[in-house]
2 protein chains.
Amino acid sequence: MRYAWLPMLKKPVPDTLQRPLDAAKFEARQIADPVCFALEPALGEGYRIEKAGDGYTVAGGETGVLYGAYALIRALSCGEALPEGVQRPYYPLRMINCWDNMDGSIERGYAGRSLWFEGDAFHYDPARIRQLGRMLASVGINVLCVNNVNVHWPAQQLIGDLLPDLAAFAGILRPFGVRLMVSVDFSMPLQCGLDTADPLDSRVQAWWKQRADAVYAAVPDLAGFLVKADSEHRPGPNAYGRDHAQGANMLARALAPHGGALVWRAFVYNCLQDWRDHSVDRPCAAYETYMPLDGSFDDNVILQIKNGPYDFQVREPESPLFFGLRHTPMGLEFQLAQEYTGQQIDLYAMPPLWREVTDAIGKDTVRAIAAVSNLGRDENWFGHPFAALNLFAFGLFAWDPDGDPAALIRCWARMTYALTADQEAALTDLLLGSRAVYERYTAPLGLCWMVRPDKHYGPSPYGYEFQAWGTYNRADRDAVGVDRSGRGTGYACQYPPELAERYADPEKCPENLLLFFHRLPYGFVMRDGRTLIQRIYDDHFEGAQQAEAMARTLEALELPEPDRSEAARRMEKQLINAREWRDVINTFFHRFSGAADEKGRVIYP
Amino acid sequence: MRYAWLPMLKKPVPDTLQRPLDAAKFEARQIADPVCFALEPALGEGYRIEKAGDGYTVAGGETGVLYGAYALIRALSCGEALPEGVQRPYYPLRMINCWDNMDGSIERGYAGRSLWFEGDAFHYDPARIRQLGRMLASVGINVLCVNNVNVHWPAQQLIGDLLPDLAAFAGILRPFGVRLMVSVDFSMPLQCGLDTADPLDSRVQAWWKQRADAVYAAVPDLAGFLVKADSEHRPGPNAYGRDHAQGANMLARALAPHGGALVWRAFVYNCLQDWRDHSVDRPCAAYETYMPLDGSFDDNVILQIKNGPYDFQVREPESPLFFGLRHTPMGLEFQLAQEYTGQQIDLYAMPPLWREVTDAIGKDTVRAIAAVSNLGRDENWFGHPFAALNLFAFGLFAWDPDGDPAALIRCWARMTYALTADQEAALTDLLLGSRAVYERYTAPLGLCWMVRPDKHYGPSPYGYEFQAWGTYNRADRDAVGVDRSGRGTGYACQYPPELAERYADPEKCPENLLLFFHRLPYGFVMRDGRTLIQRIYDDHFEGAQQAEAMARTLEALELPEPDRSEAARRMEKQLINAREWRDVINTFFHRFSGAADEKGRVIYP
């Protein structure tokens, strides 16, 4: 017995489903054996599956029954044992953040235009949105933030004149247990007749309270608001001399009576930095901003922190806020959209990343988990057919962060393609190793931001070097990197002592972060005896070679069309990209260092 | 007595003027003394001014009378002697090429949106277009190409469904002796039902002939078509295995019966170059393409060649085609839009450039002269109030290329502002020297393309280095530049022997082109004894210093508002830009060379 994931989701969903139980019953029809459902409201999102005669009983809360139905389908489809006992999600908020603009574009979208916006309005095919709801529910995602955190006009009106449209959209997703969230513009009161957006001004507080009341009257189960403030030219409380706790709490108090969460992004830094000033170091910024505020946030605020201190680079250490904040409700933000990680052209399976992060910070450090969406209007939703894996696995990971990355990938492969055991193992291994390969040909040793500015695809090792973004490698003829130890910018000191000490010592620092934390001469001797420059050459040569091996593996997979052709077409581009990274980075460092490759491979002059 | 140029042009022009003589009479009303006009059709664009009693007689051809009226106003306004004898323009075609798109944007426009396009249609204020006609006529410009050489849909329809609108627009400019030109899309037959655009296909030839007939029925005095073909992804004859003479002649033959010119841009190169391949050198491309075709072009074709072999960089040698082609009608293309020369923020007066070029190639080498427009919808037409100079002087230069650059600048200054003699001299000197200052802080020694990709403003010394545009400096720890001598790419060999020899020898090569033609070690000793690296440092430090001196000069000028504030505001940005160029380029070369500045100035690490 086999139920394919995306192919299954393409089948029409009737528009008559009212609640998750209806959806659960609809889905259960795919199962040959009879399935009974038992609503146990106290279980909430939890469920329990039991074998009952020649069929199954799924008991669960309001949405738990639906999650149970999908879990049953998954277990049967993957030939796995049924989960034992009551299953509950580890993170209560499992969120997808969509950076969709109302003009239909998606910021950093690589799978076509928005599924629900076009022409500055909601504009969608309800049948496809039902499929979307099903897709999200099938992996346990329960919140969808519908609009870009950079709120471009008229998206402000999603909590104004466009509320009826927002409510209609929410209604389509409600039977799938998916609640909406909206990104709001901190300065919106200014656009609505007030002369200030100061969070301590009582008129502003009243304005937001009235706004929240109106929003919840239209969408009673809204998950909350998402805010990017005082970041990359977004308005925020700093304009009024207020801090981020004052800004966030003001909004949170407007939402609290309705049970809504206020998700406040911790992505702050000076985006107008002078490259000449080596004393400012962008990764330090968030910790400096939020540590003094620890304990100041209301309980329905979630400070949503990107996994690393920069911005979804291929390799970053975990944000020190996860170790430092003790009295602040935190959320963890990943990015499924492959902005810096291959743009859904190059293969980049993310489960190993997520597991690394939660292992490092402790999964219980955060109370919510979010990921920037990789969805779009493309026929296959994701651009690259394998990019579906990242959404699929993210949902399951958010439910159970102890899940094994390899198992998540295998489950997706099995639910997507009918491959032989060998082929399934080959596909699983291909994806499981894809992140390491991408890292090796783009950014081994933790050296970030060698990507082309604007596009964020392809190498440009000095493209960011003299810009205002705070993203410098400072390569010269002798050395490369930024010293972030206590002798340098002090970033490493933001970590707890043991970690700080490890990061601050080039002999102890994990090699994949060596050039994140240190400025080293090209002749620096690595632990295995190779010089730094030789290691740079080796990694880039070997990374590109590994990409070629991946291409051969892919070629041998008997995938159905159009996935086979689509994946092959993108792999051709990935190979060009991998060779470009190999040659550009090697040439760049060869021009600076003058060091020959010990193995005599071609480094272009 | 004084008539200001732009201020004068702002006054309303009646919509009743039918022909240039009407316009001439209208303009003459500004002159206190009586002016009589005598039409002498044989004079064509020529005129003769004579003192007659207490007034003047202006004799001239159909448009000559108007040019005579403006010349009289100019002479009186500038306090100069009347021109003696019959005055005739040196170049019969004096063209402005507008890169206006029908959506209202302007490619490389720095003075606001299009004056005549918006929302994929003609959309303009007729009164302002009459002012535009007057502005162009007042300096003798007689052709305006209305749309971008990159023909984006629906601009193809300018010679299709939009012909009535084109004709109406032409009618507004006709009384000012300004004829329209249209940029056409070589592949247009494919969009109109044919299955080919092959220039040797008789159906294609017939299609273009029919199209030309229709166009000339609507706009009988159209100057012709402008074409960018087989360049930067534009369609062209190469797709059908035909050469550029075959492509151009096919179009030229459709225009010939109507007296139209076919202007064919010589801007060809491989824009998908592999940076690894040092054997391909972009500046070589046009010569390699067109020399074999010399003598193959019909007489109503004009091969329009940019002044240098690259693309309007701050310093380039003259295109070798001007020296090589013997039997091809040529046009010379400049760019008033300051794409790479400060974007109408930084001061950059162009008359010295034009004079250098025509002195070098011989003014009689070309039969037409064109410039990419710097106009836009800004209140002052040009963004920077001083950028008006470049259009003003270009027109007069195209009429008389022997004009002295300083005199052209002084004439513009006098016709624009009522300054004291000292201040006028200061403004003239400021502008006359502005190009050299800009060159010094951005690209001394002829090293091009260190500008930010995409924006083309501000430094990014390696921004283009690994891209596909064929624009490399190949800086490394030992040397910088590309060897274009016979030992290198051979580009220098495209020049006549004497020039080729001069360019090919680093000891004889003009220093402002040294790094255009040569790859040299940082320790290379320049003619004055300084090393190359010291010279790079000195030029960038001194260029930025000179910009600061310019700012002081500007500050002391008693300009009227809003020009004073506008110029000051832009000068602030220019100073930031000049310092950025100084520091980024010096740091870049310091990081590579490791050489200290002999004078101990600050070079940031």
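Residues numbered from 1 in each chain as written. Chains lettered and ligands numbered in written order. Predicted model: local features only at pLDDT ≥ 70, side-chain atom pairs only at ≥ 80, totals over all residues.

For the rest of this paragraph, the subject is the overall build of chain A. Summing up its helical and strand segments, chain A has 19 helices and 15 strands in all. Relative to the compact-globule value of 25 Å for 605 residues, chain A shows a C-alpha radius of gyration of 24 Å, a close match. With the C-alpha coordinates of chain A rotated into their principal frame, the extents come out at 70 × 65 × 45 Å. For chain A, buried positions account for 55% of its 605 residues. (Helix = DSSP H or I, 4+ residues; strand = E, 2+ residues; numbered from the N terminus. Rg over C-alpha atoms; globule rule 2.2 N^0.38 Å. Buried ≥ 20, exposed ≤ 12 C-beta atoms within 10 Å, placed from the backbone.)

Turning to helix H4 (residues 126-138) of chain B, a few remarks are in order. Residues and elements named next belong to chain B. The first and last C-alpha atoms of H4 sit 18 Å apart over 13 residues, in line with the 18 Å expected at 1.5 Å per residue. The buried fraction of H4 amounts to 10 of the 13 residues, a majority that puts the element mostly inside the structure. Of all the positions in H4, only Ile129, Arg130, Gln131, Leu132, Gly133, Arg134, Met135, Leu136, Ala137 and Ser138 are classed as buried. One or two positions beyond H4, positive phi appears at Gly140, with a value near 85°. (Expected span 1.5 Å × (residues − 1).)

Each partner contributes residues to the interface: chain A has 15 residues there, and chain B has 15 residues. Classifying every residue of the side of chain A that touches chain B gives six nonpolar, three polar and six charged. (Contact = placed C-beta atoms within 7 Å. Nonpolar A, V, L, I, M, F, W, Y, C, P; charged D, E, K, R; others polar.)

Residue and element names in this part refer to chain A. Ordered in space as S4-S7-S8-S9-S10-S11-S12-S13, the eight strands form a closed barrel in which the pairing is parallel. Between one strand axis and the next, the sheet turns by 25° as a mean value, whatever way the strands run. As paired elements, strand S9 (residues 224-227) and strand S10 (residues 261-265) share four bridges and run parallel to each other. Bridge pairing in S10 links Leu226 to Val263. Across the face of the sheet, helix H8 (residues 244-255) comes into contact with S9, S10 and strand S11 (301-306) while running at roughly 155° to S10. (Pairing = 2+ DSSP bridges. Axes fitted to C-alpha atoms, helices over the stretch in contact; angles between N-to-C directions.)

Once chain A has been moved 0.0 Å along the axis and rotated by 180°, it coincides with chain B to within an RMSD of 0.0 Å. Seen this way, the second copy is the image of the first under a two-fold rotation axis. In terms of proximity to the rotation axis, the leading residue of chain A is Gly463 of chain A, whose C-alpha is 2.6 Å off the axis. Mapped onto chain B, 100% of the interface residues of chain A are again interface residues, and the two copies thus contact each other with one and the same surface. (Least-squares fit on C-alpha atoms with pLDDT ≥ 70 in both.)

All names here are of chain B. What the three strands build is an open sheet, ordered S1-S3-S2; its pairing is mixed. The open sheet terminates on both sides in strands that have one partner only, identified here as strand S1 (35-39) and strand S2 (47-52). Recorded for the sheet is a direction-independent mean angle of 20° between the axes of neighbouring strands. Both S2 and strand S3 (residues 55-60) contribute to a ladder of six bridges, which runs antiparallel. Residue pairing in the sheet places Tyr47 in a bridge with Gly60 of S3.

This part takes up unusual backbone geometry. Residue and element names in this part refer to chain B. Omega for the peptide link from Trp153 to Pro154 comes to 10°, which places this bond in the cis form. Here Pro154 shows up in the loop between strand S7 (143-145) and helix H5 (163-173). Of note, the bond from Glu561 into Pro562 is cis; its omega dihedral lies within 30 degrees of zero at 5°. Checked against the element boundaries, Pro562 lands in the loop between helix H18 (532-556) and helix H19 (563-593). Although it is not a glycine, Arg474 sits at a positive phi angle of roughly 50°. Secondary-structure assignment places Arg474 in the loop between helix H15 (434-442) and strand S14 (479-480).

A word on the nonpolar core. Formed by 400 residues in total, the largest nonpolar core has its most connected members in Leu144, Leu180, Met181 and Leu262 of chain A together with Leu144, Leu180 and Met181 of chain B. Those residues in contact with Leu180 of chain B that sit more than four places away from it in its chain are Leu144, Val146, Leu166, Phe169, Ala170, Leu173, Val219, Leu222 and Ala223 of chain B. (Core = buried A, V, L, I, M, F, W, Y, C linked by C-beta atoms within 7 Å.)

Further remarks concern the domain arrangement of chain A. Accessible area lost upon the coming together of the parts is a frequently used measure of interface size. All names here are of chain A. Once the domains are mapped, chain A shows domain 1 (5-78), domain 2 (93-401) and domain 3 (439-482 + 519-593). Each of domain 1 and domain 2 has a C-alpha centre, and the two are 29 Å apart. Across the boundary between the two partners, domain 1 contributes 17 residues, which contact 14 residues of domain 2. Secondary-structure elements contributing two or more residues to the side of domain 1 that touches domain 2 are helix H1 (5-10), helix H2 (20-28) and helix H3 (64-78). The element that contributes the greatest number of residues to the side of domain 1 that touches domain 2 is H1, accounting for four residues. When grouped by side-chain class, the residues that make up the side of domain 1 that touches domain 2 number 11 nonpolar, two polar and four charged. (Domains from an automatic or database assignment.)

Moving on to the environment of Trp116 of chain A. Residues and elements named next belong to chain A. For Trp116, the position within the fold is in the loop between strand S4 (93-97) and strand S5 (117-118). For the pair Trp116 and Gly104, spaced 12 residues apart in sequence, the C-alpha separation works out to 7.7 Å. Ignoring anything within four residues of it in the chain, the contact list for Trp116 reads Asp100, Phe122, Tyr124, Ile129, Val146 and Phe169.

All names here are of chain A. With respect to burial, strand S13 (residues 368-372) is a largely interior element, five of its five residues being buried. In S13, alternate side chains face the same way, and those of Ala368, Ala370 and Val372 on one face and Ile369 and Ala371 on the other are all buried. As paired strands, S4 and S13 are joined by five bridges and run parallel to one another. When the bridges of S13 are listed, Ile96 appears paired with Ala371. Inspection of the sheet shows strand S12 (residues 330-335) paired to S13 by five bridges, in the parallel sense. Counterpart to Gln335 in the pairing with S13 is Val372.

So, on to the pairing of strand S3 (residues 55-60) of chain A. Residues Tyr56, Val58 and Gly60 of chain A line the buried face of S3 of chain A, whereas the alternating positions Gly55, Thr57 and Ala59 of chain A sit on a face that is not buried. What sits between the antiparallel neighbours strand S2 (residues 47-52) of chain A and S3 of chain A is a turn of two residues, in which Gly53 of chain A has the positive phi angle 65°.

All names here are of chain B. Their axes nearest at 8 Å, the elements helix H7 (residues 202-218) and helix H8 (residues 244-255) cross at an angle of 40°. As summarised for this structure, H7 and H8 are arranged oblique, according to the angle between their axes. For the crossing formed where H7 meets H8, the hand is right-handed. Every residue of H8 that contacts H7 at Gln205, Trp208, Lys209, Arg211 and Ala212 is listed here: Met250, Leu251, Ala254 and Leu255. (Parallel < 35°, antiparallel > 145°, perpendicular 65-115°, else oblique. Left-handed = near helix turned anticlockwise from the far one by under 90°.)

A few words now on the environment of Cys98 of chain B. All names here are of chain B. One can find Cys98 in the loop between strand S4 (93-97) and strand S5 (117-118). Along the primary structure Cys98 and Glu598 are separated by 500 residues, whereas in three dimensions their C-alpha atoms are 47 Å apart. The residues touching Cys98, leaving out its near neighbours within four places in the chain, are Leu144, Cys145, Val146, Asn147 and Ser373.

Here we come to the environment of Tyr438 of chain A. The residue Tyr438 of chain A is located in helix H15 (residues 434-442) in this model. Excluding anything up to four places from it in sequence, Tyr438 of chain A contacts Val314, Thr341, Gly342, Asp346 and Tyr348 of chain A.

Once that is clear, we can look at the packing of helix H18 (residues 532-556) of chain A against helix H19 (residues 563-593) of chain A. All names here are of chain A. The N-to-C vectors of H18 and H19 enclose an angle of 170°; their axes lie 9 Å apart at closest approach. If you check the angle between H18 and H19, you find them roughly antiparallel. The residue inventory of the contact of H18 with H19, partitioned by class, reads 16 nonpolar, five polar and three charged.

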